[in-house]
Amino acid sequence: MSKLTPKSATDKRARRHRRIRARVKGTATHPRLAVFRSNKYLYAQVIDDSTAQTLVSASSRDIKGKTMMEDAGIVGERIAKAAIEKGLKAVVFDRGGFTYAGRIKALADAARKGGLKF
């Protein structure tokens, strides 16, 4: 096995994330919706990469939903509402190396339902 071969799930996710970030760039007109999933919480930020500035953020730390999937939906709705209030209607989605399933998909679907286009 090569030394370059990722050995843990964290290494594999980091490698996928670097590959995604090489293609996905946020601009002033289409900022990047970046998602991070920990074991307990879910975080989302809308970032303008040209100025390296976070425009809007939301997390599930203060949400008391019944399940993590419900929390993800609430975070998606909150980030969409806050982005639209800032005048942002279209974003590019950065899943952060996580698979597009489960909580990540629930957040994305809720953000689309909230009015964001990506």
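On a predicted model such as this, the values are computed, not experimentally measured, just so you know.

## A few points about the overall build of the protein chain
Piece 1. If you tally the helices and strands in the protein chain, you get three helices and four strands.
Piece 2. Its helices and strands taken in sequence order, the protein chain reads α-β-β-β-α-β-α from the N to the C terminus.
Piece 3. The globule rule puts the C-alpha radius of gyration for 118 residues at 13 Å, and the 15 Å found for the protein chain is close to it.
Piece 4. Along the first, second and third principal axes, the C-alpha set of the protein chain runs to 50 × 35 × 20 Å.
Piece 5. Relative to its 118 residues, the protein chain shows a buried fraction of 36%.
Piece 6. Considering only intrachain contacts with a sequence separation of at least 6, the fraction spanning at least 24 residues in the protein chain is 57%.
Piece 7. Of the accessible surface of the protein chain, which amounts to about 7300 Å², a share of 54% is contributed by carbon and sulfur atoms.
Piece 8. For the protein chain, the distance from the average site of its 27 positive side-chain charges to the average site of its 10 negative ones is 7 Å.

## Concerning the pattern of salt bridges
Piece 1. Here the structure, examined in full by the defined rule, presents six salt bridges.
Piece 2. The salt bridge involving R21 is made with D49; its shortest N-O contact spans 3.8 Å. Of the two residues, R21 sits in helix α1 (residues 9–23) while D49 sits in the loop between β2 (42–48) and β3 (53–59), which places them 28 residues apart along the sequence.
Piece 3. You can call R21 partly exposed: its relative accessible area is 22%.
Piece 4. You can call D49 partly exposed: its relative accessible area is 23%.
Piece 5. Taking the shortest distance from any N to any O, the salt bridge between D62 and R78 comes out at 3.2 Å. Of this pair, D62 sits in the loop between β3 and α2 (68–85) while R78 sits in helix α2, and the two are 16 residues apart along the sequence.
Piece 6. With relative accessibility at 39%, the residue R78 sits in the partly exposed group.
Piece 7. Taken together, the shared-partner salt bridges connect R21, R32, D49 and D94 into one network.

## Describing the environment of K40
Piece 1. Within the secondary structure, K40 is located in the loop between β1 (32–37) and β2.
Piece 2. Take K40: its relative accessible area is 58%, and that puts it in the exposed class.
Piece 3. Expressed as a C-alpha distance, the spacing of K40 and I74, which sit 34 residues apart in the sequence, is 15 Å.
Piece 4. Every residue in contact with K40, bar those within four places of it in the chain, is listed here: M68 and R103.

How each quantity is defined
Residues numbered from 1 in each chain as written. Predicted model: local features only at pLDDT ≥ 70, side-chain atom pairs only at ≥ 80, totals over all residues. Heavy atoms only, no water. Helix = DSSP H or I, 4+ residues; strand = E, 2+ residues; numbered from the N terminus. Rg over C-alpha atoms; globule rule 2.2 N^0.38 Å. Buried < 20%, exposed > 50% of the residue type's maximum accessible area, 1.4 Å probe, protein only. Contact = heavy atoms within 4.5 Å. Areas by Shrake-Rupley, 256 points an atom, 1.4 Å probe, with all protein chains shown as cover. Lys, Arg positive; Asp, Glu negative; His and termini not counted. Charge placed at Lys NZ, Arg CZ, Asp CG, Glu CD. Salt bridge = Lys/Arg side-chain N within 4 Å of Asp/Glu carboxyl O.

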